[in-house]
Amino acid sequence: MSSIEVNNLNVWFDDKQALKGVNMTIPEKGITAIIGPSGCGKSTFIRSINRMNDIIPSCRVQGQILVDGKDLYGPGVDVTQVRKNIGMVFQRPNPFPKSIYENIAYAPRIHGTRDKKKLGEIVERCLRRAALWDEVKDRLDKSAYDLSGGQQQRLCIARALSIDPEIVLFDEPCSALDPIATAKIEDLLEELKDDYTVVIVTHNMQQAARVADRTAFFYLGELIEFGDTSQLFERPENELTENYITGRMG
Amino acid sequence: MKLINRTGAFGRAAARVGFKGFDGAPHLILFIITLISASVLVAVAAFLIFGSLQAFNVIGPVELLFGESWRPTSFFNQAFGMLPLMVGTFLVSFLASIIAIPIGLGCTIYLAEIAHPRIRAFLKPAIELLAGIPSVVYGLFAMLILQGWVAQVFGLQHGYVALNGGIILAVMMIPIMVSLAEDAISAVPRELREASYALGATRWETMRSVVLPAAMSGILAAIILSIMRAVGETMAVLMAFNQTPILTLDPFSGVQTMTATIAIEMGEAAVGGLHYSALFAVGVVLFVITLLMNTIANRIMSRYAEAYR
Ligand SMILES: Nc1ncnc2c1ncn2[C@@H]1O[C@H](COP(=O)(O)OP(=O)(O)OP(=O)(O)O)[C@@H](O)[C@H]1O
Ligand SMILES: [Mg+2]
């Protein structure tokens, strides 16, 4: 139900244009990877989808992003409502300085769930979903900072799932993790893609090739090419894409 | 603050000496400098304690610390009970705190989370500048202007009362509190706020449930350090209200603080006499209070430094 249709998206930071006329339809479910050299606008793009760019004062957005046919940037749209339906996982694990339990219960609570039992169920379900439950079930009241980096990132994934989103955005979720923790996250992405529309920014082309169903290549703020992962990596249509994936471009 | 840095640096220098040996001349010089400043602290303590011994011996510690009247110059019933002075300091600092803490925290939250960055870039240094104004200037304002307002608002004959001191001390506390507390709030990583916003939390929810708890120990330390400023302040207090060592909690009465007592009476007390020694004892109590509050603030701050690692 949750395809993302991006129509002529332009984003500026002050006078500097970070995204230029991006048109793209991300179908529902499955994993869509965003690749491209540093500074090409990957983060800016993914942060447009849950309107996180709104918190940057110098940022200006123009264009449409339709989710289920509704424009996220339309008049009268409540930003917090948009974010409530889209989960996000960041580059560095950023759990709250609270207990493991409180990290997950935070969002349901501010969105009105007060019932202890219900909160407990949400916490368990999300932690299971993020493949973390067995590792932490005996110490839910311990600080999230006592977890390893990889566990913290899975906790952040569980936290993103706590709002029951249909879309989950990942901005380079493995760039601060070691290979083993990365593999665990990738396994997890595989698990999630049947139930969520996953969009992941990655610097790592092997990672995109491994996990993504579709891949989009951005360059200098423009969407250069978007297609099935195998097609994009094996038979890229654009020369820029080819240069990038063959390593002839930073 | 200075005390914290000094002891911290001293600890580090000492550790270096003890466990790693010197890394050459710069370390040696730094070590000597820290050693000197640390010994100044010890020397001050020794000086105060030594000077107060006579008073503790002759008057007795219980009477000296908890006696209810301070009449050092009375010929027939001379008394050296410090309680009125401690209560005086407490009353004025308490009044100052209940005014300064809500206003200071309000300003902090405005500055840290609500004000436009450009407004903050102007206001923060302006507030920090206020912290640097000599206390005699605040005292002058309290004496010449604030006093009249206090008298008018509360229908008093004159405004040279504890409340006047409390207000001016609050004015002096706020810049310190705002500056330190704002630092604590700004130190909360942006990633934490973003995590909260991304979950659909509003600005206020993020502030209340993520930012403030994360910054809480820094904010508490800011409050304690600003209270220390009020407790230690002398000049503004002297100028703001009549110094009368009455044992009272009435904000519309004159009282006498510990600092003011030392400042006023040291000049007239005979060197080496009992009064002279009793004033040293007042100094000892002040020193202990300062040390205690500093330690608490230090503890809280280190816990807060740990929170982010
Ligand atoms: N907060 C901001 N203020 C000003 N300019 C910004 C801001 N965020 C991003 N930009 C600019 O927008 C452009 C795109 O940045 P973005 O972070 O989206 O790149 P990216 O593809 O995610 O890069 P990386 O791979 O390094 O994360 C860059 O030129 C960057 O300088
Ligand atoms: Mg990025």
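Okay, so let's go over this structure. Predicted model, so just to flag it, every value in this text is computed and none were measured.

Quick look at the interface of chain B and chain A now. Taken residue by residue, the interface counts 20 residues in chain B and 25 residues in chain A. Both faces considered, chain B and chain A share a buried interface measuring about 1800 Å² in area, 65% of it formed by carbon and sulfur atoms. The largest contributions to the chain B side of the interface with chain A come from Glu 194, Ala 198 and Leu 199 of chain B, which together make up 33% of the buried area. If you look at where chain B meets chain A, you find one salt bridge. Of the charged contacts in the structure, one is a salt bridge between Glu 194 of chain B and Arg 47 of chain A, with a shortest N-O distance of 3.0 Å. There are five residue pairs in polar contact (both at pLDDT 80 or more) connecting chain B and chain A. Here the side of chain B that touches chain A takes seven residues from helix 8 (residues 190-198) of chain B, the largest share from any one element. For the side of chain B that touches chain A, the per-class residue count stands at 11 nonpolar, five polar and four charged.

This structure, assessed with the given rule, holds one cavity of 30 Å³ or more. Volume-wise, the largest cavity comes out at about 40 Å³. Lining the largest cavity are Met 88, Phe 90, Cys 156, Arg 159 and Ala 160 of chain A together with Ala 195, Ala 198 and Leu 199 of chain B. Of all the secondary-structure elements, those providing two or more residues to the lining of the largest cavity are helix 6 (149-161) of chain A together with helix 8 of chain B.

This next bit is on the environment of Trp 133 of chain A. Residue and element names in this part refer to chain A. Relative to the assigned elements, Trp 133 resides in helix 5 (residues 133-136). By relative accessible area, which is 13% here, Trp 133 ends up buried. With 25 residues separating them along the chain, Trp 133 and Ala 158 place their C-alpha atoms 9.7 Å apart.

Looking now at a nonpolar patch on the surface. Taken together, the side chains of Leu 28, Ile 32, Ile 36, Val 40 and Val 44 of chain B present a nonpolar region at the surface, about 390 Å² in accessible area. Note that Ile 32 of chain B resides in helix 2 (residues 25-59).

Before going further, it helps to examine the pattern of salt bridges. Under the defined criterion, the tally for this structure stands at 17 salt bridges over all chains. The partner of Glu 186 of chain A in a salt bridge is Arg 210 of chain A, and the shortest N-O contact between them spans 2.7 Å. With Glu 186 of chain A in helix 7 (residues 179-192) and Arg 210 of chain A in helix 8 (residues 205-211), this pair connects stretches of sequence that are 24 residues apart. Since its relative accessible area comes to 8%, Glu 186 of chain A is described here as buried. Here Arg 210 of chain A falls in the partly exposed class, since its relative accessible area comes to 47%. In this structure, Arg 193 of chain B and Glu 113 of chain B form a salt bridge, with 2.1 Å as the shortest nitrogen-oxygen distance. With a gap of 80 residues between them, Arg 193 of chain B in helix 8 and Glu 113 of chain B in helix 4 (residues 83-114) connect regions that are remote in the sequence. Residue class for Arg 193 of chain B comes out buried when judged on its relative accessible area of 13%. The exposure class assigned to Glu 113 of chain B is buried, which follows from its relative accessible area of 9%.

On to the packing of helix 6 of chain A against helix 7 of chain A. Residue and element names in this part refer to chain A. Taken N-terminus to C-terminus, the directions of helix 6 and helix 7 make an angle of 20°; their axes are 9 Å apart at the nearest point. Our classification of the angle between helix 6 and helix 7 gives roughly parallel. Crossing angle aside, the handedness with which helix 6 passes helix 7 is right-handed. Taken together, the residues of helix 7 that come into contact with helix 6 (itself represented by Gly 150, Gln 153, Arg 154, Ile 157 and Leu 161) are Ala 181, Lys 184, Ile 185, Leu 188 and Leu 192.

Residue and element names in this part refer to chain A. Backbone geometry at Ala 131 places phi at a positive 55°, although glycine is not the residue there. Counting through the fold element by element, Ala 131 comes out in the loop between helix 4 (116-129) and helix 5. Even without being glycine, Asp 164 reaches a positive phi, approximately 60°. With respect to the secondary-structure elements, Asp 164 resides in the loop between helix 6 and strand 7 (167-171).

To continue, consider helix 1 (residues 42-49) of chain A. Note: α-helices contain 3.6 residues per turn, so residues at a spacing of three or four share the same orientation. Residues and elements named next belong to chain A. Counting buried positions over the eight residues of helix 1 gives seven, a clear majority of the element. Of the positions making up helix 1, those classed as buried are Lys 42, Thr 44, Phe 45, Ile 46, Arg 47, Ser 48 and Ile 49. Looking one or two residues past helix 1, Arg 51 carries a phi angle of roughly 60°, positive in sign.

Once that is clear, we can look at the sheet that holds strand 2 (residues 16-26) of chain A. Residues and elements named next belong to chain A. Here we have four strands laid out as an open sheet, ordered 2-1-4-5, and antiparallel in their pairing. Both outer strands of the open sheet, strand 2 and strand 5 (70-71), are each paired with one neighbouring strand and no more. Bridge count between strand 1 (residues 4-13) and strand 2: seven bridges; the pairing is antiparallel. Paired with Val 6 across the bridge in strand 2 is Met 24.

Cut-off values and rules
Residues numbered from 1 in each chain as written. Chains lettered and ligands numbered in written order. Predicted model: local features only at pLDDT ≥ 70, side-chain atom pairs only at ≥ 80, totals over all residues. Heavy atoms only, no water. Contact = heavy atoms within 4.5 Å. Buried area = accessible area lost by both parts, 1.4 Å probe. Salt bridge = Lys/Arg side-chain N within 4 Å of Asp/Glu carboxyl O. Polar contact = N/O pair within 3.5 Å; in protein donor to acceptor, adjacent residues only side chain to side chain. Helix = DSSP H or I, 4+ residues; strand = E, 2+ residues; numbered from the N terminus. Nonpolar A, V, L, I, M, F, W, Y, C, P; charged D, E, K, R; others polar. 1 Å grid on protein atoms, 1.4 Å probe; cavity = no way out; pocket = protein on both sides within 12 Å on 5 of 7 lines; lining within 4 Å. Points joined across faces, edges and corners; volume = space filled by probe spheres on them. Buried < 20%, exposed > 50% of the residue type's maximum accessible area, 1.4 Å probe, protein only. Patch = residues over 30% accessible without salt bridge, like charges linked within 9 Å, V, L, I, M, F, W, Y side chains within 5 Å. Areas by Shrake-Rupley, 256 points an atom, 1.4 Å probe, with all protein chains shown as cover. Axes fitted to C-alpha atoms, helices over the stretch in contact; angles between N-to-C directions. Parallel < 35°, antiparallel > 145°, perpendicular 65-115°, else oblique. Left-handed = near helix turned anticlockwise from the far one by under 90°. Pairing = 2+ DSSP bridges.

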